[in-house]
Amino acid sequence: AEALARVETVNTLRVESHIKEYNINDVHVGTKVVLTSDAVEGKEFMGEVVSVSPGPEEKAEGAPSKDVYYKTVIDIKGGQESLLAPGMNVRVKYILSQEKNTFSVPTDAIYERDKNHYILSLKDLGKNRYELVSLPVTVGLSNDFESSITGPALKEKMKVLTSSQGYGQGQVVTIIEAPEEGQDG
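Note that the structure is a prediction, hence the values are computed from the model and not measured. (Residues numbered from 1 in each chain as written. Predicted model: local features only at pLDDT ≥ 70, side-chain atom pairs only at ≥ 80, totals over all residues. Heavy atoms only, no water.)

Along the polypeptide, Glu131 turns up in strand E9 (residues 129-142). With 41 residues separating them in the primary sequence, Glu131 and Val172 have C-alpha atoms 4.4 Å apart. Sequence-distant contacts of Glu131, defined by excluding residues within four places in its chain, comprise Ser121, Leu122, Lys123, Leu125, Gly170, Gln171 and Val172. (Helix = DSSP H or I, 4+ residues; strand = E, 2+ residues; numbered from the N terminus. Contact = heavy atoms within 4.5 Å.)

Of the pairings in the sheet, the one linking strand E2 (residues 32-36) to strand E3 (residues 44-52) comprises five bridges and is antiparallel in character. Note that in E3 the partner of Lys32 across the bridge is Glu48. Sheet topology places E3 next to strand E4 (residues 69-76); five bridges connect them, and they run antiparallel. Across the sheet, the residue bridging to Val52 is Thr72, located in E4. (Pairing = 2+ DSSP bridges.)

Residues Leu35, Ile74, Ile76 and Tyr94 are the most contacted members of the largest nonpolar core, which totals 14 residues. Looking at this core, the elements with two or more residues in it are strand E1 (14-20), E2, E3 and E4. Broken down by element, the residue count for this core peaks at three residues, all from E4. With residues near it in sequence (within four places) discarded, Ile76 still touches Leu13, Val15, Leu35, Phe45, Met46, Gly47, Glu81 and Leu84. (Core = buried A, V, L, I, M, F, W, Y, C linked by side-chain atoms within 4.5 Å. Buried < 20%, exposed > 50% of the residue type's maximum accessible area, 1.4 Å probe, protein only.)

Once that is clear, we can look at the sheet that holds E2. Pairing is antiparallel across the open sheet formed by five strands, whose spatial order is E1-E4-E3-E2-E5. Each edge of the sheet is formed by a strand with only one pairing partner; in this case those strands are E1 and strand E5 (91-95). The sheet shows a mean angle of 40° between the axes of neighbouring strands, direction not considered. (Axes fitted to C-alpha atoms, helices over the stretch in contact; angles between N-to-C directions.)

Another aspect to go through is the side chain of Ser17. Relative to the assigned elements, Ser17 resides in strand E1. Residue classification places Ser17 among the buried positions, given a relative accessible area of 11%. Within polar-contact distance, the side chain of Ser17 engages the side chain of Tyr94 at 3.0 Å. Not counting the four nearest positions on each side in its chain, Ser17 is found in contact with Tyr70, Lys71, Thr72, Ile74, Val92 and Tyr94. (Polar contact = N/O pair within 3.5 Å; in protein donor to acceptor, adjacent residues only side chain to side chain.)

Take a look at the structure:
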């Protein structure tokens, strides 16, 4: 009466995710997403929402959170799913709007002074020493974690301080590279 084996076929791999109630009007069928997984480090997978539950998910009995969630189902695009397997954990970023020709920085990297926005870039002085240079930026789309910025002095691969808290223009800092996992130091 018990199963001896279970045969699965994975022709189409889909991701189930949940969105909070305040995002229900922003996420719809066709919304683009970017997925990442710790199992496939450094790789991003593109996907698209194929369904959004019309009703909220039932809360587990005794759940402390009062948040209301709706289930979404996401198709992974372009044959990328071969690197993922059923049951893996993934992080989902819903692309609600986009800007072109901008740079992305952590939101905490931006600070405001005299109603203008700035970031602190790192000018290489050699021997892991850097001078902090304040650069004016225009802030575009933003959330709690990252913001898009533009500015005449911004360049690809520019090093930027991820938080300006406690730092300022002209200050010299030394950056010590963390050893890679498994190395002493």
